[in-house]
Every structure is written in structure tokens, then in C-alpha cells.
Amino acid sequence: RSPYASARIVSIDAGAARALPGVIAVLTHADVPQNALRMELPGRMAEATAGAVLATQPVLAEGRVRFQGEPVVAIAAETPEIAAEAADLVRVEYEPLPGVYDPIEALKPGAPHVHEGGNLLRAWHIRKGDIADGFKRAEVVVERTYRTPFVDHLYLETETGIGWIDAEGALVLRVSTQVLEHYRDVAEVLRLPHGRVRIEGAYLGGGFGGKEDVTVECLLGLLVWKTRRPVQLVFSREESFIGHGKRHPYVLRYKTGATKSGELVAMEAELISDSGAYAALSPWVLLYSLVTATGPYRVPHVKVDAFTVYTNNPIASAYRTFGSIQTCVAYEGQMDALAHALGMDPLELREKNFLRKGDSIATGQVLESEPMLGETMRRAWEALGPVRAGEGPIRIARGLAASFTPYGRMCWTRDSASAWVGMELDGTAVVRCAAPDVGGGQTSSLCSITAEVLGLAVEHVTAVGRDSHFTPRAGTTTATRQLLMSGNAVLKAAREVRRHLADQAAEMLEAAPDDIELADGRAMVRGSPDRAVAFPALVKAATAAGRPVQALDKYDAPSAPTIDPATGQGKPFNDYTFGTQAVEVEVDEETGQTRVTKLAACYDIGQAINRQSAEGQIEGGAIQGLGHALLEEVILEDGISKNPHLLDYKIPTTLDAPPIVTILLESGQGLGPFGAKGIGEPAMTPTPAAVMNAVSRAAGAPVTQFPLTAERVLAAIKHPSPPAGETPG
């Protein structure tokens, strides 16, 4: 991997490495049939990126490196020790080049270009109402700037995989991934037919978006194909730190106006995100930020300009919440700042402006169901319990943040997922669906849905698959989409199997199909439970009669045209998950040290498919959010990581986790199975903002740069600046 963030590759001498006993292959860019990881976008997505500089990342660097850790040479050896020795023998001559490490500097004339065509990767805009007229109506205006850093996913299991060539000559990769469809990327890189590459998805030791992009797949496939031998590739923790995409750092400049009564009238925002050295998913992360920029509030006049910019920093890409967490920090910080300027209770201000059914968000999309924001806020706030007083140097304060986060992909992608459900002769059921399980309970949810429809105990339903060759395509485990997409596909297939079983049971029990009930592994006549047949006999009879006892079905998400690229008007997502988190913090005024002592979270999840799993997602998301708020930051110096290890990159442990209260509301108004909504990403969105608001209240001054370190908090306490930007309209 490159030790430089920006350099020209003058030469590569791998002779000594190739001569080392035990070395099987030493590969450079010249050995890669197609040395590019293409960004393939569906038609409507491609249209929406018109004018974007979608830079293609090479599998192995060719001629130039653009970030520290960019792969340059791939080595296969008999043992890891020999491979490491061979890597030390490779001689790469670099010529350092000027680089750019700040997205704002990267946009200035004369800044070094990371790629030909300039450093601006993509811009999105929202124009709603008349922003000038809106601010004329404003009687109080608040302006602030918020900054968030690069953050690492730090999953327990680093990127890893095993590959081999099977008896049919197919390349098989068993990898830690959120996307089985990466078999297509491997096939393109090796110039093989797509059907010659197979990916098996193992249960993951964490993903959080970091295993959405290609990680080991192409390098592993290349080594297997070139050596014709089984290969294992495991990134070290340091390789993982410098080699995979991070959460995008943002600079968010907000100006918000309200009347004296607290009615929001105008919001203007500029969002600048650091894409790092390549495009990855930056245009789409930025789109999520654009859509969520005004928060879950009614704002009649809106102007948002959003930019994502190339630098020679690490690549930034997908991370849980996908751009919604950064904007939540800003719009919720603005709500507390407005409340302070108006002398209003922050809860009252939010309640006055919350979105309700029939309101439109900043893109003009009308909400078709009730967000229940007021209830989520009140329930979360009340769950913190009685207020405590601080003692000695300890200040105690509370804060909250409301949020809305999409679940499912953008409307214009025409997303779909397929699933197969079938009965075995013993009366048990099998689900086949290629949905990678990243620890969010995706597989168990599909089993629960099948069990509910077919009247089986969940223990009698088995899910098999996560194999690109042998299970129906389910798409990626990203965007909080699997329960919506694969869940609905399984629901449709299970209902079709149920219909066939009911028809067979009706014939055997001499009843109408509509009178057949399936429960406890039996089919029975409604109102006459003694007239029943057990599933094993039912399935055998249906099979003997030639009646199908399995079904393959597909769910297509509702689609809509691409939003207007100039105004952002349109329907970007089909639905959103709304919720609120409230926290209590203790801040030591002598040291700035902050501890979160209570956290309460309330969401409308539509319908809990598995209550324990939903609660676990909320708890896990909240604790991960606490890390973002207080601890986590990839420290860079001219693009070089200074803390690529667990010694200096800190995340919360169980000792840092406060008591967490989770409150689930079930409106039944989601688009998922039985009215469910996604919760995987929304569980994390408001946490840093809630902590920021509580800490700012304790400090007596705004703290708007993350993480909220003791140094930053102490500076706010010792040198409180006047509330910046709070001016009469």
C-alpha cells in the first residue's frame, strides 16, 4: 500500500519478492485484465449524476497514488509471514506530488487537482419558496457552522475472504460483505462471464456500510485466478483503517429564521463534504444530506447548496445513516439556538414546527402518514425521569434531537428483491433469499415473516442462501432496505404458498378455501378446530396431487422520476422513519470531561417484526452514536492517518454505555411487511445531535465541532463566546 497521500509511481521492482521461496505470485496493475472498479449506476441514477466527475478507482494503482493506503502490489505466498517478507522486498519509487487535504481549499482556484476535471465531484440543490422573502419575515435569525470528522466503522471483523476455483471452473469467493452483487465487479475486473464468479456471503462481524463497497473481493479474485490455488486474504486492523471508506466529514453552514412566536420561516444551508480520493458513494450520501437538510420541520422558504469534493484524504463512502447524521447535528443545533434566542422551551419550539401528515418536506414531497414526532419527543423526554442537580464541579444538563431518516433506496432506482419459500415433506418451511445478514437480524426477520403467514413456529422455518449462484437476488444489505425489500418479497412468496396449502386443505377437509386457517403447524376449518390436518400430511397430499408447495416471488418498490437537479423538487424516497432521542450528561467544569448518564429513544417503527431485534438496533445505534459524539475521529496530517489502530482510536465500551430506554411505537403505517418501517440506520441518526445540545447547555456555550472532546468542552466553559449569529431579522 502507498505510504503517500499523493505521489507519482516512478517504478516498481518486485524481482526480489518474486524470487523469495514460498512466494506464489506478485502482481501489479499490469497483471489486472481490467484495472478499474467501475461505478455502475442504473439508468435514472446515471442521469442524475450528469456533470459529475465519477473517478474510477483502480484495483492496483497505476502511475499514481491518491491516498495513503492505496493498493499498489498484491502478493500471494505459502504463509502470511512469507507474504509479509516479500512485501518488504518490493521496491516502489515514488515522486511526491502536491496534494489537497481540505474540501474548502480544494474548491479554490489553483488547488492541486486530485483527478482531471477538477475537484468538485457533485453538487445538489434545493430551492423552495422565496428565501429572500422568508428572511424578511424572520424576526430572529441564527447562523452557525458545524463540523464533523472522518469516522471509522471499526467493525469487530476486518475485511476478509477465502477464494477457490470449484470443480466446474467457477471462481468462488466467501467474503465478509454486505453486497453479494460484487461478483459482477470481480467478473468485470477479470473479464470473465458474470456466471463464472460466485460470491457466498458469510454472517458478518459488523458492516455498518463499510462492507458495502468492494474491499477484498477483486484483490482476492485476482490472486485466486492468477495462482489457480485457494487463497485467504485478511486485512490487518491497520490496513482496515487506512484502506476502506470512512464517514464523510462535513462543514455545515446554517442560517435559520423564525418569527417571535417560534414559527420557522426560512432556512439556508451550505453543505460541503469531503469525498476523499475517489467517488465511491459520495454523490448519493450527499443526496441523503440534501433531502434531510431541513430536518423533520415545516419550513416554507428553503435554499440548500450541497457539494462533495475530492481531496487526497482517505476515501469516504457509506456509513450507517448515509449522510443523515451530519445534517441532524446542524438542524437540531439550530433548533436549540433558536429556542435560546427566542427564550422558548426547546420542546415547545419543536412541537410548533414538527411535520405532520399532509405536510411537505423541502423537496415538495407530501407525507402520506403521520410522523408522530410530538409523541416520540414527549415519550423520550419523559423517560429520562426526574431531573438531578449537579454536585461540586459536575454540571448536569439534558438535550434532545428529533430526526427523520429514509429507509429504502431513492425512488428512481426501481429497486427490487426476490425470494423463494417452500415446504418440506415434514411440514417445515425453507426460505431462500440472498440477503446478507450483517448482524441486524435480517435472516431471522425473514423466518419470522414466513412463520407468521404459514402458521408455523419460527423454529420450523429455516433460511438458507446468501449465495449469488443459488439464491434469488435480494440486492444489498444497505440503506435500511432489506426488511422493506426482501421482507416484502418473502411475504408475497409465503402468501402464495399459503394459498396453495389452503386450497389443498379445503379439498381434504371439504370446506371453502377462505374458511381454512393455518396455525400451530395445522390447517383447520374456521370455527371447527377438530376438522384439521397436520402439515406433513397436507404437504404430502399437495405434492402427490401436483399442487405447488413453493413459490418464487418478487417485490418492486414504488418508483418516481428523478428529482429536479436544480431545485431538488420531487419525491426522493418512498418513506421515512421518524423518532427522537433524549440524553442526560454530566460535564466536569474543571476538566471538560463528559459522561452520558441516561439515554432514551422513541421511534415509530410501524410494526415490530422482532421486538428484541428492533430494541437491539436502537441500543446499538445509540451507543455507536455516542462514540461519534464524544470520542471518534480519524486524525489526519496531510492525508496521513495518525491513529490507524485501536490504541489511539477510541470507541465506547460497555463501561461507557449508559442505561438506555427504548420505546417502540407501532403505527402500522410503514411500507414494509405488516406495515413495518426500517430502524437500522435511524437508530443512530439523532444521538450526536442530542449529546451536542446537552453538552452545549451544560457548558453555557455552543460546542459545534465533533467529537466533543474534553478540550473543546473546557474551552467553551472557560471562554464562552456570545451566542454567534443570533440577531434580529
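What comes next is a walk through the structure. (Residues numbered from 1 in each chain as written. Predicted model: local features only at pLDDT ≥ 70, side-chain atom pairs only at ≥ 80, totals over all residues. Heavy atoms only, no water.)

1. Some points on the nonpolar core
One finds Tyr254, Leu271, Leu287, Val691 and Leu708 to be the most contacted residues of the largest nonpolar core, which totals 102 residues. For this core, the leading source of residues is helix H10 (residues 324–342), giving 9 residues. Look past the residues within four positions of Leu708 in its chain and what remains in contact with it is Ala629, Leu630, Val691, Met692, Val695, Val703 and Val713. Ala417, Ala429, Leu446 and Met485 belong to the second largest nonpolar core, which has 44 residues in total. (Core = buried A, V, L, I, M, F, W, Y, C linked by side-chain atoms within 4.5 Å. Buried < 20%, exposed > 50% of the residue type's maximum accessible area, 1.4 Å probe, protein only. Helix = DSSP H or I, 4+ residues; strand = E, 2+ residues; numbered from the N terminus. Contact = heavy atoms within 4.5 Å.)

2. Digging into the pattern of salt bridges
Opposite charge on two side chains allows them to pair when their charged atoms are near. This model, assessed by the stated rule, comprises 36 salt bridges. The shortest N-O distance in the salt bridge between Glu270 and Arg253 comes to 2.5 Å. Residue Glu270 is found in strand E13 (residues 264–276), and its partner Arg253 is found in strand E12 (residues 250–258); the two are separated by 17 residues along the sequence. Here Glu270 falls in the partly exposed class, since its relative accessible area comes to 25%. In this structure Arg253 comes out as partly exposed when scored by relative accessible area, which is 34%. The partner of Glu589 in a salt bridge is Arg395, with the nearest N and O atoms 2.8 Å apart. Note that Glu589 is positioned in the loop between strand E23 (576–588) and strand E24 (594–604) and Arg395 in strand E15 (residues 394–406), a separation of 194 residues in sequence. Residue classification places Arg395 among the partly exposed positions, given a relative accessible area of 27%. Via salt bridges that share partners, Arg388, Arg398, Glu584, Glu586 and Arg595 belong to a single interconnected network. (Salt bridge = Lys/Arg side-chain N within 4 Å of Asp/Glu carboxyl O.)

3. Quick look at the sheet that holds strand E1 (residues 7–13)
Across the sheet, 3 strands lie side by side as E3-E1-E5; this open sheet has antiparallel pairing. Strands at the two margins of the open sheet, each flanked by one partner only, are strand E3 (64–65) and strand E5 (91–96). Pairing of E1 with E3, which is carried by 2 bridges, proceeds in the antiparallel orientation. Its bridge partner being in E3, Arg8 is matched across the sheet by Arg64. (Pairing = 2+ DSSP bridges.)

4. So, the environment of Pro644
Note that Pro644 resides in the loop between strand E26 (640–641) and strand E27 (660–665). Residue class for Pro644 comes out buried when judged on its relative accessible area of 7%. Sequence separation of Pro644 and Thr311 is 333 residues, and the distance between their C-alpha atoms is 19 Å.

5. Concerning the pairing of E1
Inspection of the sheet shows E1 paired to E5 by 6 bridges, in the antiparallel sense. Counted as the bridge partner of Ile9 is Tyr94 from E5.

6. A few points about empty space enclosed by the protein
One pass over the structure, following the stated rule, counts 4 cavities of 30 Å³ or more. Estimated volume of the largest cavity: approximately 80 Å³. Contributing to the lining of the largest cavity are Thr148, Pro149, Val151, Arg247, Ile325, Gln326, Val329, His628, Pro688 and Phe706. Of the residues forming the lining of the largest cavity, the biggest block, 3 residues, is contributed by H10. Of the residues belonging to the lining of the largest cavity, the class tally is 6 nonpolar, 3 polar and 1 charged. Roughly 60 Å³ of volume is contained in the second largest cavity. Within the lining of the second largest cavity, the residues separate by chemical class into 7 nonpolar, 3 polar and 4 charged. (1 Å grid on protein atoms, 1.4 Å probe; cavity = no way out; pocket = protein on both sides within 12 Å on 5 of 7 lines; lining within 4 Å. Points joined across faces, edges and corners; volume = space filled by probe spheres on them. Nonpolar A, V, L, I, M, F, W, Y, C, P; charged D, E, K, R; others polar.)

7. Some details on helix H7 (residues 217–227)
Burial runs high along H7: 10 of the 11 residues are buried. Burial in H7 covers these residues: Glu217, Cys218, Leu219, Leu220, Gly221, Leu222, Leu223, Val224, Trp225 and Thr227.

8. Description of the layout of surface pockets
Size it by volume and the second largest pocket reaches roughly 1,100 Å³. Looking at the second largest pocket, it is lined by 35 residues, and the ones nearest its centre are Ile75, Ala83, Ala87, Leu233 and Glu239. Within the residue set of the lining of the second largest pocket, elements represented by two or more residues are strand E4 (74–77), helix H3 (80–89), E5, H7, strand E11 (231–234) and helix H8 (237–243). Each residue belonging to the lining of the second largest pocket can be placed in one class, and the counts come to 25 nonpolar, 5 polar and 5 charged.

9. Observations regarding the packing of aromatic side chains
Applying the stated criterion to the full structure yields 12 aromatic pairs. Seen in terms of ring centroids, Tyr288 and Phe322 are 4.7 Å apart; in terms of plane orientation they differ by 70°. Their pairing is edge-to-face. Highlighted residues: Tyr288 in helix H9 (residues 282–292) and Phe322 in the loop between strand E14 (301–310) and H10, separated in sequence by 34 residues. Exposure class is identical for Tyr288 and Phe322. Each is buried. Ring centres 6.4 Å apart and planes at 75° place the aromatic pair Tyr297 and Tyr331 in the edge-to-face group. Placement of the pair is Tyr297 in the loop between H9 and E14 and Tyr331 in helix H10, with a sequence separation of 34 residues. Using a relative accessible area of 1% as the deciding quantity, one classes Tyr297 as buried. The class for Tyr331 is buried, based on a relative accessible area of 0%. (Phe/Tyr/Trp six-rings, centres within 6.5 Å; stacked < 30°, edge-to-face > 60°.)

10. Looking at the sheet that holds strand E17 (residues 429–432)
Pairing in this open sheet of 4 strands is mixed, and the strands run E18-E17-E16-E22 from one edge to the other. Of all strands in the sheet, those bounded by a partner on one side alone are strand E18 (461–464) and strand E22 (550–556). Adjacent strand axes in the sheet meet at a mean angle of 20° when their direction is disregarded. The pairing of strand E16 (residues 416–423) with E17 spans 4 bridges and is classified as antiparallel. By the bridge assignment for E17, Met423 is matched with Ala429. The strands that helix H13 (residues 442–454) touches are E16, E17 and E18; relative to E18, the one it contacts most, it runs at about 140°. Of the strands in this sheet, E16, E17 and E22 touch helix H14 (residues 482–509), which is tilted by about 35° from E16. (Axes fitted to C-alpha atoms, helices over the stretch in contact; angles between N-to-C directions.)

11. Considering the pairing of strand E21 (residues 528–534)
Examined bridge by bridge, strand E20 (residues 522–525) and E21 share 4 bridges and lie antiparallel to one another. Residue Val525 lies in a different strand from E21, and its bridge partner there is Ser528. Connecting the antiparallel pair E20 and E21 is a turn made up of 2 residues, with Gly527 showing a positive phi of about 85°.

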